[in-house]
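# Examining the three-dimensional arrangement
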Amino acid sequence: MSQADLDAYRLAAIDELESAADKSAIDAWYRKHLSSSGQANQFKRQIGKLPPEERRGFGQAVNEVVKNLQDIYDNRHKESEAAALAQRLAGEKVDVTLPSRQRRRGGLHPLTQTLREIYQVFLGMGFTVYESPHVELDYFNFEALNMPPHHPARDMQDTFYVNESVLLRTHTSAGQIRAMQKLGPGSVRVILPGLCYRNEDVTTRSEMQFHQVEGLLVGPDVRMSDLKGVLLQFARALFGEDQAIRLRGSYFPFTEPSVEVDIRCTLCGGEGCRMCKYTGWLELLGAGLVHPTVLENGGYDATKNRGIAFGMGVERIVLLRHGIKDIRQFFRNDSRFLANFR
Ligand code: DAH
């Protein structure tokens, strides 16, 4: 084993490392040459077999070769790690200029949107929201509202009965007596929103379930002009600042006098068109002064108090505001319909 063998080995090993193409070839090279059983270490084992005077010089030479190969290997190893990383990053490239994916957002149902607007208008006038049961006693839905068992007005509403004295409320007016009894004299200024139920044929204009918002204000100085003011403000908030309302005499068992309230046609502005049947007006809701009997049933002295009441169909209001033709859309939950209201 000579210095010349060592030099030849070193050059051959360097060549071999340079031609190692990838990480596994480089690792293999390391095992072959620099691991404890590798060729470079074979030279160290030769040292002891040399004559003593040659050992020192050859030993140094072997150490230099090992150190030299180790340095070259370290560089090569680093390079190949960097190359592998670069290759991986190239594959993971992200184009930050791409437009982001659109998130699908839900939206509030058009009925919910309009209901919330209605709440806002009445909250602004000092009303609070009062919820009453959907499954209701006949007493609250009819009898206490001045419609005794054989009153002809009961025939106007096809009622879902649970049993003889329990039913699904046919109007939110059923909550009037409950609110008066619960809240007591002087403090009744409420709206009563929610679903009502009637056993009607489902058509483009009627559903078996629909929303109403009832209003009730009772006190010693309440009068018809309060009703007009409240409803005009309401109509303007929902249908535009220049809206007008019209009161027509009507009949409800629970109000006296009773009126129906119209707004100027939202389509033709009062000129007359098919939507308003050439009257220039659209029917909006029923209202009136609370009937003395109803006040008494609610626990009020009818000689000292008066009340105003009104009840509106929410679906109808949404239909008018958005020009929707088919009331059945509200409960179909067809997302193509609902998407128009996001
Ligand atoms: N409850 C009536 C209906 O369902 C609407 C109504 C009319 C409510 C006059 C009222 C009212 O409070 O005063 O058609």
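No experiment lies behind these values; they were computed from the predicted model shown. Here the residue numbering is sequential within each chain, running from 1 through the sequence in written order. In keeping with the model being predicted, local features are shown solely for residues with a pLDDT of at least 70 and side-chain atom pairs are shown and tallied solely at 80 or more, while totals for entire chains, interfaces and linings include all residues. For side-chain calculations, the full set of non-hydrogen atoms in the structure is used, while hydrogens and water are omitted.

### Topic: the sheet that holds strand β2 (residues 135–137)
Pairing within the open sheet is antiparallel, and its 3 strands lie in the order β2-β4-β3. Whereas interior strands pair on both sides, the edge strands pair on one side only; in this sheet they are β2 and β3 (161–163). Pairwise comparison of adjacent strand axes, ignoring direction, gives a mean angle of 35° for this sheet. DSSP calls a pair of strands paired once it identifies at least 2 bridges connecting them. In this text, helices come from DSSP runs of H or I with a minimum length of four residues, and strands from runs of E with a minimum of two, each type numbered from the N-terminal end. Pairing between β3 and strand β4 (residues 166–168): 2 bridges, direction antiparallel. Considered in β4, the bridge of Tyr161 is made with Leu167. Between N-to-C directions, angles cover 0 to 180 degrees, with each direction set by a line fitted to C-alpha atoms, over the stretch in contact for helices.

### Concerning the layout of surface pockets
With a 1 Å grid spanning the protein atoms alone, the term cavity applies to any set of points in which a 1.4 Å probe fits but cannot get out, the term pocket to an open set with protein on both sides within 12 Å along at least five of seven lines, and the term lining residue to any residue with an atom within 4 Å of a point. Grid points are joined across faces, edges and corners, and a volume is the space filled by probe spheres set on the points. Its volume calculated, the largest pocket comes out at about 1,700 Å³. Together, 50 residues line the largest pocket, and Arg205, Glu283, Leu284, Gly313 and Arg316 are the ones closest to its centre. Sorting the residues of the lining of the largest pocket by element identifies β6 (209–219), β8 (255–264), β9 (281–290), β10 (306–313) and α10 (314–322) as the ones contributing at least two each. For the lining of the largest pocket, the leading source of residues is β9, giving 8 residues. Within the lining of the largest pocket, the residues separate by chemical class into 23 nonpolar, 15 polar and 12 charged. Three residue categories are used. Nonpolar comprises Ala, Val, Leu, Ile, Met, Phe, Trp, Tyr, Cys and Pro, charged comprises Asp, Glu, Lys and Arg, and polar comprises the others, including Gly.

### Side note on the pattern of salt bridges
One side-chain nitrogen of Lys or Arg within 4 Å of one carboxyl oxygen of Asp or Glu is enough to make a salt bridge. For the structure shown, the criterion picks out 14 salt bridges. Between Lys67 and Asp71 there is a salt bridge; the shortest N-O distance is 3.1 Å. One end of the pair, Lys67, and the other, Asp71, are both in helix α4 (residues 52–91), 4 residues apart, so they sit about a helical turn from each other. For the exposure calls, accessible area comes from a 1.4 Å probe over protein chains only, and a residue counts as buried if that area is under 20% of its type's maximum, exposed if over 50%, partly exposed in between. A relative accessible area of 52% places Lys67 in the exposed class. For Asp71, a relative accessible area of 36% puts it in the partly exposed group. Its salt-bridge partner being Glu92, residue Arg88 comes within 3.7 Å of it at the nearest N-O pair. Salt bridges linked by common partners bring Arg246, Arg248 and Asp262 together as one network.

### A short note on the packing of helix α5 (residues 110–124) against helix α8 (residues 224–239)
Working note: a packed helix pair is described by the angle between its axes plus the distance between those axes. The interhelical angle for the contact between α5 and α8, taken along N-to-C directions, is 140°, at an axis separation of 10 Å. It follows that α5 is oblique to α8 by the angle criterion. Every pair of crossing elements has a handedness; the one defined by α5 and α8 is right-handed. Contacts from Thr114, Ile118, Val121 and Phe122 of α5 reach α8 at Val230, Phe234, Ala237 and Leu238. Here the word oblique covers every angle except those under 35 degrees (roughly parallel), over 145 (roughly antiparallel) and from 65 to 115 (roughly perpendicular). If you view the pair so one helix is near and one far, a crossing is left-handed when the near helix is turned anticlockwise from the far one by less than a right angle, and right-handed when it is turned clockwise. Residue contacts follow a heavy-atom distance rule, with two residues in contact if any of their heavy atoms lie within 4.5 Å.

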